[in-house]
Amino acid sequence: MKNPRENDFTGRRSDAADAKAALLQAHRAAQEAAEPTRLARQEELKAVAAAREARQAEATKVKLAEQERARSEALAADATAKIEAETRDEVEKDLNSRTAEDEAAQKAERDRRYANRKAKKR
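A brief report on the enclosed structure follows. These figures come from a predicted structure and were not determined experimentally.

**Quick notes on a negative patch on the surface**
(1) Moving on: On the surface, a cluster of negative charge is made up of Glu-86, Asp-89, Glu-90 and Glu-92.
(2) Moving on: For Glu-92, the location among the structural elements is in helix H1 (residues 9–121).

**Quick look at the pattern of salt bridges**
(1) Moving on: Using the criterion set out here, one finds 8 salt bridges in the structure.
(2) Moving on: Put simply, Asp-94 and Arg-98 hold a salt bridge, and the shortest N to O gap is 2.6 Å. Note that Asp-94 and Arg-98 are positioned in helix H1 at a spacing of 4 residues, about one turn of the helix.
(3) Moving on: Overall, Asp-94 belongs to the partly exposed group, its relative accessible area being 36%.
(4) Moving on: Across the pair Asp-111 and Lys-107 runs a salt bridge, and its minimum N-O distance is 3.5 Å. Linking Asp-111 with Lys-107, this pair stays in helix H1, spanning 4 residues, or about one helical turn.

About the criteria used
- Residues numbered from 1 in each chain as written.
- Predicted model: local features only at pLDDT ≥ 70, side-chain atom pairs only at ≥ 80, totals over all residues.
- Heavy atoms only, no water.
- Patch = residues over 30% accessible without salt bridge, like charges linked within 9 Å, V, L, I, M, F, W, Y side chains within 5 Å.
- Areas by Shrake-Rupley, 256 points an atom, 1.4 Å probe, with all protein chains shown as cover.
- Salt bridge = Lys/Arg side-chain N within 4 Å of Asp/Glu carboxyl O.
- Lys, Arg positive; Asp, Glu negative; His and termini not counted.
- Charge placed at Lys NZ, Arg CZ, Asp CG, Glu CD.
- Helix = DSSP H or I, 4+ residues; strand = E, 2+ residues; numbered from the N terminus.
- Buried < 20%, exposed > 50% of the residue type's maximum accessible area, 1.4 Å probe, protein only.

Dropping the structure here:
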């Protein structure tokens, strides 16, 4: 296809400028045509972001509640273990003291019998 105009520098330059202007005009027209869908998409993205933030806030709330529950369970377990250890220590001390008393009573009985035997020999 032949260009009816002269093919000199100024002609090529003006053709390039016209082509560039046509492309720019086509781009602007496409943007204006897509504006409602772009706005709808933006609103949709905002709604998705808000829903995500709400889910994250709920997850954080649940996580904090779980941590608090775990902390209180750990404190309760520690308290229970401490009480059980104290009880075990008391039972052990009581058993040790009764054993010592029994041994002392047995020794006293043995000493009494020994003393009685010696007293009979004299």
